[in-house]
Amino acid sequence: MKDASPQPIRLADYHPPSHLVEAVELTFRLAPRGTRVRSKIRFRANPAGLENGNLRLDGENLRLVSCALDGTPLTALDYLLTPEGLTVPAERLPGPSFTWEAEVEIDPADNTALEGLYTSGGMFCTQCEAEGFRKITFYPDRPDVMAPFTVRIESDLPILLSNGNPAASGPGWAEWHDPWPKPAYLFALVAGDLVAHSDRFTTMSGRDVALNIWVRPGDEDKCAYAMDALKRSMRWDEEVYGREYDLDVFNIVAVDDFNMGAMENKGLNIFNSKYVLASPETATDRDYDFIESIVAHEYFHNWTGNRITCRDWFQLCLKEGLTVFRDQQFSADTRSAPVQRIEDVLQLRARQFREDAGPLAHNVRPDSYVEINNFYTATVYEKGAELIGMLRRIVGAQEYRAALDEYFRRHDGQACTIEDWLAVFEDVTGRDLSQFKRWYTQAGTPRVSAEWQVAEGRLHLRLAQELPPTPGQPLKEPVVIPVAMGLLSPEGAELLPETTVILDGPELTLDFDLDEMARRACIARPDHVIPSLLRGFSAPVILDAGLSRADRLVLLAHDPDPFNRWEAGRSLMRETLMEMLTGGAPDPALFDALDRLLAEDRLDAAFRALCLALPSEDDMAQAAHDAGLVPDPTAIHATRRAMQVAMARALQPRLAALYDAMDPGPAYSPDADQAAKRALRNSALTLLARIEGPARAKAHYAAATNMTDEIAGFTTLLETGDPDIARRFHDRWKDDRLVMDKWFMAQVAHAAPEQAVAIARALTDHPLFDWTNPNRFRSVIGGLTSGNPAGFHDPSGAGYRFLADWLIRLDAKNPQTAARMSTAFETWRRYDADRQALITGALDRIAAQDGLSRDLSEMVERIRA
Ligand code: PHE
Ligand code: ZN
């Protein structure tokens with residue numbers, strides 16, 4: 001029998017905790033099986049607590065050995081123990097303040113869900129966000145209970161780490177003390193045979209901080225870049241936000257088995273090793289980029305997340321949206337700002353717009369959830385970051401900084417809500433943000449459309465917004481949309497310097513005097529004007545700019561805003577692909593424009609590479625759906641290929657010249673400048689291979705001295721059908737886990753669609769396929785669902801069956817990662833009736849499994865709805 005579906009948790013039901021924690025002492029006697037955890041927790045009744053005064057402790061999969069209150073042992077009659085936790089009734093409590101002591105036993109080696117305390121490659125580590133601490137000991141596992149922690153670890157392993165500062169140590173034990181009150185989700189412990197890449201940092205007030213990146217012996221030469229990124233992040237947060245680090249040590253640990261990217265535990269960040277370890281030979285420029293931004297992200301959480309945390313998990317965007325925004329700012333400052341913005345928007349559209357357009361759409365601040373792990377989403381993170389960006393644009397950079405200063409001053413040490421956050425902005429800037437708040441409480445991507453006409457020397461521009469219904473939200477109120485804009489003449493002259501207008505009603509009409517603008521621009525009055533709207537992607541909306549092809553060609557050539565230059569090209573590409581999908585041929589004017597843009601040597605090579613990239617197959621499927629068509633993944637794949645051939649033919653001399661000119665030489669550096677050149681050069685390589693055959697790629701692969709070039713050669717050769725290439729790559733890299741993840745992934749992602757499922761299936765039989773390792777699982781199964789959409793959507797349904805089989809299998813071990821991967825099915829309503837039936841069949845088969853996790857059952861139910 002299937003369990004009855006668990007009840008959702010609602011924001012509206014929030015109650016303050018009945019008890020607060022004054023101090024926590026934990027002692028761990030580590031063993032892979034039978035780890036003993038002793039806890040001593042000083043409680044005091046919460047005056048604000050509305051509850052009955054019972055002591056409520058969360059606890060899961062714990063063997064209770066003993067417990068006591070103020071030193072008096074409790075018997076089973078003194079408390080109520082359920083699979084979810086333990087309650088001591090108010091009448092059994094000694095008074096408003098008391099000390100709880102308990103000893104529990106847990107089995108880290110059995111913990112395949114990777115939540116709580118688990119083992120990975122011989123080391124012990126923890127993951128407590130969101131609700132993993134309850135698998136370590138009994139505790140009020142909610143973020144609004146904050147306390148200082150003292151931790152003692154007993155183990156024969158040489159390196160024993162926890163949060164805060166080292167307090168004392170001896171042979172076989174170590175003690176740590178974290179003076180900063182924190183919620184349990186920020187607790188961490190690591191024990192292992194580890195080596196450190198160490199450095200130091202002096203903070204702006206002169207505090208000396210020891211920095212360590214802990215890895216397995218042999219990996220210590222792959223930490224330099226992460227360390228460099230950490231020091232730059234620490235400096236940047238001082239300079240840009242005035243935030244200083246607050247402990248004597250900052251530790252980062254790399255682990256191979258990790259469900260997510262990384263975790264911001266206080267003073268002891270734990271990272272998926274793929275976001276720490278890098279050498280030129282093993283990591284691509286993209287990997288370096290990720291390492292930099294994730295190191296920054298986790299470090300920035302020290303203030304936005306740790307010093308100020310969330311009151312409850314509905315407020316997750318309070319820390320995540322803000323911290324993503326901060327890491328995006330950091331990357332924009334560190335690398336090219338326009339390129340960073342384009343890449344962030346590409347991600348936003350690929351993941352968040354997709355989510356918002358389907359059955360999983362939810363508010364940036366959700367109203368309810370069944371399993372909180374399912375809400376670490378692109379909406380909470382990336383759309384959450386967009387909301388901060390809009391707020392900053394609306395109030396201006398100076399007032400933004402003043403508001404942030406006030407936020408840190410007012411709320412340091414507290415667990416806060418979105419209301420607290422917005423109140424700070426209202427108080428500091430004197431603005432009313434009640435309408436802006438709708439961005440947090442309404443799901444879905446607003447659509448903005450523009451219409452305009454030129455008459456009698458004036459431009460009339462009308463902007464309108466529309467908010468499509470989402471699950472549970474049929475009707476919505478207008479939101480506040482900052483639209484950064486400029487106006488160009490047909491020759492590309494700037495008629496209006498950039499300005500931001502606010503669309504906050506259903507529509508807005510604007511009126512411009514062309515004579516006056518022309519006079520200021522020193523040109524004759526034009527009879528046509530081209531609005532450049534939503535510059536820098538000033539709001540997370542879908543814009544129908546109403547521009548003709550000729551207008552967009554002007555913007556592609558002349559828009560002073562690089563984002564809109566790129567956007568004009570992208571929209572022309574999308575339109576061309578859509579026309580080709582229905583039998584049309586590409587317009588040579590687009591290729592001419594691209595050719596000229598590629599030739600602009602003063603343009604950033606990374607920007608040029610982005611302009612050359614086609615919309616993805618998934619983008620095309622969404623575009624087809626939006627146009628009222630039923631997307632055919634096979635046809636989309638073939639059309640994109642045809643477009644690449646057409647582009648390669650039209651641009652061949654330019655691409656060949658760029659291939660030669662963009663060689664940064666053999667001395668590798670992951671810096672933005674070199675990475676940009678490699679990006680453009682490798683784009684040229686893949687396009688040229690479409691018409692030239694494999695010779696250039698073979699030479700490229702043979703000559704590669706770094707993984708960026710090697711993987712570009714490898715994937716190109718996989719596509720052009722070099723029969724031996726996978727074996728050669730394997731033989732070279734079989735002992736390197738992270739490179740082998742790429743090997744698994746690339747073979748599936750670059751397989752011909754009709755072979756993709758068979759190749760993926762064969763790879764799951766490979767001796768190195770360890771499906772309990774989330775990275776490896778994602779390489780093969782994600783390689784199909786995200787990397788090869790035409791293969792995944794094979795008309796036979798084989799891809800859907802393959803995914804369902806693996807989700808069912810993984811769910812029994814690791815519900816969080818299984819649930820996350822199930823989002824591959826979220827777009828099912830886009831497709832034809834046959835595919836819909838096959839997908840819903842696969843979903844129903846998952847739903848019918850006995851003992852399905854709360855994580856996966858919630859996802860399947862929501863996707864199916
Ligand atoms: N809080 C982490 C981050 O944003 C993400 C995370 C969530 C990691 C849940 C593990 C588990 O960096
Ligand atoms: Zn985060």
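As recorded in an unreviewed UniProt entry, the protein chain goes by the name Aminopeptidase N, listed as coming from Roseicyclus marinus. Here is the UniProt Catalytic activity (unreviewed entry) comment for the protein chain, exactly as written: "Release of an N-terminal amino acid, Xaa-|-Yaa- from a peptide, amide or arylamide. Xaa is preferably Ala, but may be most amino acids including Pro (slow action). When a terminal hydrophobic residue is followed by a prolyl residue, the two may be released as an intact Xaa-Pro dipeptide." Regarding the protein chain, the UniProt comment filed under Cofactor (unreviewed entry) reads as follows: "Zn(2+)".

Next up on the list: the UniProt feature "domain: Peptidase M1 alanyl aminopeptidase Ig-like fold" (unreviewed entry) in the protein chain. Within the UniProt annotation, "domain: Peptidase M1 alanyl aminopeptidase Ig-like fold" (unreviewed entry) is assigned to residues 444-544. Taken end to end, residues 444-544 is 8% helix and 50% strand, and its two terminal C-alpha atoms sit 16 Å from one another.

An ideal rise of 1.5 Å per residue puts 21 Å on 15 residues; helix H26 (residues 833-847) measures up with 20 Å between its terminal C-alpha atoms. On the buried face of H26, the contacting elements are helix H24 (798-811) and helix H27 (854-864).

Further remarks concern the pairing of strand S11 (residues 123-127). Successive side chains on a regular strand alternate, one facing one side of the sheet and the next facing the other. A large share of S11 lies buried, amounting to five of its five residues. Side chains Met123, Cys125 and Gln127 project from S11 onto one buried face, and the interleaved Phe124 and Thr126 project onto a second face that is buried too. Examined bridge by bridge, strand S10 (residues 116-120) and S11 share five bridges and lie antiparallel to one another. Within the sheet, the bridge partner assigned to Leu117 lies in S11 and is Thr126. In this structure, S11 lies alongside strand S16 (residues 189-192), joined through two bridges in antiparallel fashion. The residue bridging Cys125 from the neighbouring strand is Val190, located in S16.

So, about the site of ligand 1. The environment of ligand 1 is formed by Gln127, Glu129, Met260, Ala262, Met263, Glu264, His297, Glu298, Glu320 and Tyr376. Counting residues per element, the ones that place at least two in the shell around ligand 1 are strand S20 (262-263) and helix H2 (285-300). Of the residues belonging to the shell around ligand 1, the class tally is four nonpolar, two polar and four charged.

So, about the sheet that holds strand S18 (residues 208-215). For sheets, the rule is that strands pair by backbone hydrogen bonds, running either parallel or antiparallel. The strand order across the open sheet formed by five strands is S17-S18-S19-S21-S20, and the pairing between neighbours is mixed. Looking at the sheet topology across the chains shown, the edges are occupied by strand S17 (195-202) and S20. Bridging between strand S19 (residues 249-255) and strand S21 (residues 268-272) involves five bridges; their strand directions are parallel. Across the sheet, Ala254 pairs through a bridge with Phe271, a residue of S21. Sheet strands in contact with helix H1 (residues 224-241) are S17, S18 and S19, and its direction is about 25° off that of S17.

Below, the discussion takes up the nonpolar core. In terms of nonpolar packing, the biggest core is built from 251 residues, with Val190, Val253 and Val276 touching the most fellow members. At ten residues, the largest contribution of residues to this core is made by helix H16 (residues 672-692). In this structure Val276 touches Ile213, Val215, Cys223, Ala226, Ile252, Ala254, Phe271 and Ile291, once residues within four positions along its chain are discounted.

Spatial ordering of the open sheet is given by S10-S11-S16-S13, a layout of four strands whose pairing is antiparallel. Only two strands of the sheet have a single partner each, and these edge strands are S10 and strand S13 (159-162). Along the sheet, successive strands turn relative to each other by an average axial angle of 20°, direction set aside. Inspection of the sheet shows S13 paired to S16 by four bridges, in the antiparallel sense. Pairing of Ile159 across the sheet is with Gly192, part of S16.

For the rest of this paragraph, the subject is helix H12 (residues 588-599). Its twelve residues give H12 an end-to-end C-alpha distance of 17 Å, which sits within 8% of 16 Å, the value for a rise of 1.5 Å per residue. Within the sequence span of H12, burial applies to Leu590, Ala593, Leu594 and Leu598. The buried residues of H12 occupy one face: seen down the axis, they fall within an arc of 135°. Counted as exposed and oriented over 90 degrees from the buried face of H12: Pro588, Ala589, Arg596 and Ala599. In this structure, the buried side of H12 is in contact with helix H10 (549-558), helix H11 (562-581), helix H13 (605-612) and helix H15 (633-661).

Now for the pairing of strand S2 (residues 19-29). Sheet topology places S2 next to strand S3 (residues 35-45); ten bridges connect them, and they run antiparallel. Bridge pairing in S3 places Val21 opposite Phe43. In textbook terms, the turn of a hairpin is the stretch between consecutive antiparallel strands, and for S2 and S3 this stretch comprises five residues, one of which, Gly34, has a positive phi near 70°. Sheet analysis places S2 next to strand S12 (residues 147-154), joined by six bridges and oriented parallel. Paired with Val24 across the bridge in S12 is Phe149.

This part is about the confidence of the model for the protein chain. Confidence along the protein chain averages 97 in pLDDT terms, with 99% of residues attaining 70 or more. Under the prediction, the complex receives an ipTM of 0.99, its pTM being 0.99.

On the secondary structure map, Cys128 appears in the loop between S11 and S12. Given 25 C-beta atoms within a 10 Å radius, Cys128 is considered buried. Through-space distance from the C-alpha of Cys128 to that of Trp173 is 22 Å; in sequence the pair is 45 residues apart. Ignoring anything within four residues of it in the chain, the contact list for Cys128 reads Phe133, Ala184, Tyr185 and Phe187.

Let's shift gears to the UniProt feature "domain: Peptidase M1 membrane alanine aminopeptidase" (unreviewed entry) in the protein chain. The feature "domain: Peptidase M1 membrane alanine aminopeptidase" (unreviewed entry), as annotated in UniProt, sits at residues 225-439 in this numbering. The span residues 225-439 carries 55% helix and 9% strand; its end-to-end C-alpha distance comes to 37 Å.

So, on to the packing of H13 against H16. It is the contact of H13 with H16, at a shortest axis distance of 7 Å, that shows an interaxial angle of 30°. It follows from the interaxial angle that H13 and H16 lie roughly parallel. The way H13 lies across H16 gives a crossing that is left-handed. In contact with Ala605, Ala606, Arg608, Ala609 and Leu612 of H13, H16 contributes Ala675, Ala676, Lys677, Ala679, Leu680 and Ser683. Each residue belonging to the contact of H13 with H16 can be placed in one class, and the counts come to eight nonpolar, one polar and two charged.

Glancing now at unusual backbone geometry. The step from Glu129 to Ala130 runs through a cis peptide bond, and the omega angle for that step is -5°. Relative to the helices and strands, Ala130 is located in the loop between S11 and S12. You will see that Leu114, though not glycine, has its phi angle at about 60°, which is positive. Along the chain, Leu114 falls in the loop between strand S9 (97-106) and S10. One non-glycine residue, Phe537, lies in the positive phi region at around 50°. In this structure, Phe537 sits in the loop between strand S30 (530-533) and strand S31 (542-544).

Scoring rules and cut-offs
The written sequence of each chain sets the order in which its residues are numbered from 1. All chains are assigned letters beginning at A, and all ligands numbers beginning at 1, according to the order in which they are written. Confidence filtering applies because this is a predicted model: local features only for residues at pLDDT of at least 70, side-chain atom pairs given and counted only at 80 or more, and all residues used for totals across whole chains, interfaces and linings. UniProt positions are given in the numbering used here, feature names are shortened, and annotations may be inferred rather than shown by experiment. Only DSSP runs of H or I reaching four residues or more are called helices, and only runs of E reaching two or more are called strands; each is numbered from the N terminus. Under the convention used throughout, the expected extent of a helix is 1.5 Å for every residue step, that is, one less than its residue count. What counts as a contact is two residues whose backbone-derived C-beta atoms lie within 7 Å of each other. Partly exposed residues are those whose C-beta has more than 12 but fewer than 20 other C-beta atoms within 10 Å; 20 or more makes a residue buried and 12 or fewer makes it exposed, with C-beta atoms placed from the backbone. Two strands are counted as paired when DSSP detects at least two bridges linking them. Placing the C-beta atom from the backbone, one calls a residue near a molecule or strand if that atom lies within 6 Å of it. For this classification, the nonpolar set comprises Ala, Val, Leu, Ile, Met, Phe, Trp, Tyr, Cys and Pro, the charged set comprises Asp, Glu, Lys and Arg, and every other residue, Gly included, is treated as polar. Helix axes are fitted only over the stretch in contact, all axes being lines through C-alpha atoms; the angle between N-to-C directions runs from 0 to 180 degrees. A set of buried residues drawn from Ala, Val, Leu, Ile, Met, Phe, Trp, Tyr and Cys, joined through C-beta atoms within 7 Å, is what defines a nonpolar core. As used here, the arc belongs to the directions running from the helix axis to the C-beta atoms. Per-residue confidence from the predictor is given as pLDDT, running between 0 and 100. Here the word oblique covers every angle except those under 35 degrees (roughly parallel), over 145 (roughly antiparallel) and from 65 to 115 (roughly perpendicular). Crossing chirality is assigned from the near helix's rotation relative to the far helix, an anticlockwise turn below a right angle marking it left-handed and a clockwise turn marking it right-handed.

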